[in-house]
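Architecture and fold: a report
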Amino acid sequence: MEPITVQSITFFPRENAKENYTDEYDLVTKTETPTAIFRRGQTIHFDIKFDRPFNEQRDTVRVGFSLGPTPNVTKGTRVILPLLHLQTECPKANRWSLGFRGKTGNVVHLHAHIPASVPVGIWNCSVQTNIAGSRDKRSDYKSDEEIYIIFNPWCREDPVYMPKAEDLNEYILNEVGKVWVGSFNHPKGKKWIFGQFDEMVLPAAILLLEKSNLAHSDRGSPVLVARAISAMINSNDDDGLLVGKWDGDYSDGTSPFDWTGSTAILDEYLIHGGVPVKYGQCWVYSAAIVTVCRTLGIPCRSVTNYVSAHDTNRSLTIDKYFDIFGELIENGPQGDCNDSCWNFHVWNDVWMARPDLPRGYGGWQIIDGTPQELSGNVFCCGPASAEAVKRGEVGFLYDTPFVFSEVNADVCHYQEDDESEWGFSRLSINRYHVGRKILTKHPQKNDDLGDSDIWDVTDVYKNPEGSEGERQAVANAIRGVPRAQEHYSVPPKTAEDVSFDLIDIESVPFGKDFDVAVDIKNNSTGVRNITAVLTASSIYYTGTTAARLKAARANFALKPGQKDLIKLRVPFSDYVNKLVDHSLVKLYAIANVKETKQSWCEEDDFVLTKPTMKIDVKERGRLGEDMNATFSFTNPIDLTLTNCKYTVEGHGLIRPKTVDFRDVKGKETVVFAETLTPTLNKQRTLVASFSSKQMQGVQGSTTIIVE
């Protein structure tokens, strides 16, 4: 007698989807041939069809699941489960199990439990059959169907378990969010379509894992998977997802400002077989990480740190040097000081347990896909425990000292000084400039028209400035960073009797003039002769100077108790052709007092704000029925906008679409239209952006209910 042979295996992707929380994936619901997507820690139902009825006493059947090119039982990438007709239950222990549910004709009905620790990825199913007591008549069958197994934040046994439903709705299920840009005085939410359930996204995420060289047996650890994701989002050393560029020339690719979501990026990467996509910057890296993590089942959010330090020499300080005329010396006097303060920097938090750290350091973990520094010879960062960063525990894995510095470094200003032994003297030290504000989107709010969904989470990463907790965290960090001990042993400066205050500018509408102003008061009983320098520069958001806008130098005397206000006016004509990405302006003010040798330096930055795009479309639509959407905004300046283009995107409404647009005249109201065809029901978000050579970042969004 010949052994029973398998004719087919059916995994019922749609029927299993609800229990596995995968019914939002397009691969499950939108395609004619649905794909099986299952979560760890869940039980799945499937059928095996044989060429004849299964005989419990005569037939031997073993069901196997395997992952990767060389699956291995001892490494957890292969399992073989015997079919025992008396075993009807499927124990939900942290191991694979197979249960017999019955049979109908030639079809056997089974269920299997997937342990909450298995590696994630594309698994395959195979079946071995034989005659009981025989070894030489084995029949093998391998299913062609791919089985995606992903993390399960609904499962208590999975390290990514997230207990609150409202958090799961935001950090796993929400396809739309915001990435915060701008300045700490004027943060601006950039609407982003993450699109983690798009049919191209999960396959692209798995491709990234395959290219990461993370061993298949290690892909059960969310810590190691998150670290691999942070490496693979950039392309610096591994042909990852995005090429970074910060010089403003994106002519051979897509400007970071033109992306409105992640799906177009991952789509292009997958279609071209893993060729890195041009171009990204930190907020694009972060948004793409949200998409990749959420599609794999790791809770994730985008987080923006305003005034983010990049400490290149592990001193916990950001050092800036000025010449005797008050001009900033880029890269320091020796050309080797690459410390910088980014106006904002966007990273990610991922939620998981940390069994590799002491108790209490799980929860939010920081990862960063922007290639800044090597970590383990790879451009990646994290996961660093947010709690470890807050406590200054810089000895904990991974990259905690770097992240601690991003939110806590001191900014030190030095100026050329002929009387100094090393040629410079310290102007000032600012212990409260870095990590001014740390923001993310509120999990229970959504604002298409404004930014009421902003959420200040600074206290997750650092203690209040000046508090006992902050002092203790800094002390902990200094003990673990030898170079920082030298800096913190510098004695404080003597008392100063002239007060200076650089007046904050929150924002200026694009096209308007602005003033740099400093309030000064002589608090002494004698005359004070003062030299002051004010400068305004156009900068990249990384803090690098792009162009000098205007500068002024003044010498004046203040009588005892006298106040004065010095100003530098910068008209629109001085900055219109010198702005770069994000339209950020950096202000520096330096002053020296002749009689006391007192020196002072302060800096500030602000953003030139752009108009908001208006979207006119019906609030409700129907599946399959076309809808017309109209987009408009008014050019705020009296100059022609050139090299114009717009992008429109909405998952379930319209695929990402970028269109070249004509020149726009000065003060003209721009209007363009697109046709939407809803393919998914429920609430959907439409996002549009407009950019030109003279002005980027005009954006709008709206919500549509599809029935």
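Residues numbered from 1 in each chain as written. Predicted model: local features only at pLDDT ≥ 70, side-chain atom pairs only at ≥ 80, totals over all residues. Heavy atoms only, no water.

A cluster of acidic residues, Asp501, Asp504, Glu506 and Asp519, forms a negative patch at the surface. Here Asp504 shows up in the loop between strand S27 (498–502) and strand S28 (507–509). (Patch = residues over 30% accessible without salt bridge, like charges linked within 9 Å, V, L, I, M, F, W, Y side chains within 5 Å. Areas by Shrake-Rupley, 256 points an atom, 1.4 Å probe, with all protein chains shown as cover. Salt bridge = Lys/Arg side-chain N within 4 Å of Asp/Glu carboxyl O. Lys, Arg positive; Asp, Glu negative; His and termini not counted. Charge placed at Lys NZ, Arg CZ, Asp CG, Glu CD. Helix = DSSP H or I, 4+ residues; strand = E, 2+ residues; numbered from the N terminus.)

Looking now at the pattern of salt bridges. In total, this model carries 31 salt bridges according to the counting rule given. Here Asp448 ties to Lys191 by a salt bridge, and the two come within 3.0 Å at their closest N and O atoms. A residue pair is termed long-range when its members are at least 10 positions apart, and Asp448 in the loop between strand S25 (437–441) and strand S26 (454–456) and Lys191 in strand S12 (residues 187–193) qualify at 257 residues. Pair check on accessibility: Asp448 and Lys191 agree, each one buried. For the salt bridge of Asp399 with Arg227, the shortest nitrogen-to-oxygen distance reads 3.1 Å. Of the two residues, Asp399 is situated in the loop between helix H8 (386–391) and helix H9 (400–408) and Arg227 in helix H5 (residues 222–232); the sequence distance between them amounts to 172 residues. Residues Asp399 and Arg227 agree in their burial class; the two are buried. In the salt-bridge network here, residues are joined through shared partners; they are Lys320, Lys586, Glu603 and Asp605. (Buried < 20%, exposed > 50% of the residue type's maximum accessible area, 1.4 Å probe, protein only.)

One can read the domain layout of the protein as domain 1 (6–150), domain 2 (175–483), domain 3 (491–609) and domain 4 (614–706). Here the C-alpha centroids of domain 3 and domain 4 sit 39 Å apart. Taken together, the contacts link four residues of domain 3 with five residues of domain 4. Summing the contributions of domain 3 and of domain 4, the shared interface buries around 440 Å²; its carbon and sulfur component is 72%. By the criterion of area lost to domain 4, the three top residues of domain 3 are Phe510, Phe572 and Val576, representing 77% of everything that side buries. Joining domain 3 to domain 4, the criterion identifies zero salt bridges. Put simply, domain 3 and domain 4 have zero residue pairs in polar contact (both at pLDDT 80 or more) between them. Of the residues in the side of domain 3 that touches domain 4, the class split is three nonpolar, one polar and no charged. (Domains from an automatic or database assignment. Contact = heavy atoms within 4.5 Å. Buried area = accessible area lost by both parts, 1.4 Å probe. Polar contact = N/O pair within 3.5 Å; in protein donor to acceptor, adjacent residues only side chain to side chain. Nonpolar A, V, L, I, M, F, W, Y, C, P; charged D, E, K, R; others polar.)

Time to look at the sheet that holds strand S34 (residues 599–609). Here we have five strands laid out as an open sheet, ordered S28-S34-S33-S30-S31, and mixed in their pairing. Pairing within the sheet leaves two strands with one partner each, and these edge strands are S28 and strand S31 (545–558). Strand-to-strand twist of the sheet, defined as the mean angle between neighbouring strand axes without regard to direction, takes the value 20°. (Pairing = 2+ DSSP bridges. Axes fitted to C-alpha atoms, helices over the stretch in contact; angles between N-to-C directions.)

A large share of strand S7 (residues 107–113) lies buried, amounting to seven of its seven residues. Side chains of S7 alternate between two faces, with Val107, His109, His111 and His113 and Val108, Leu110 and Ala112 buried alike. As paired strands, strand S3 (residues 43–50) and S7 are joined by seven bridges and run antiparallel to one another. When the bridges of S7 are listed, His45 appears paired with His111. For strand S6 (residues 97–104) and S7, the ladder comprises seven bridges, and the chain directions are antiparallel. Following the sheet pairing, Lys103 is matched in S7 by Val108. Hairpin connection between S6 and S7: a loop of two residues separates the two successive antiparallel strands, and Gly105 in this loop has a positive phi of roughly 65°.

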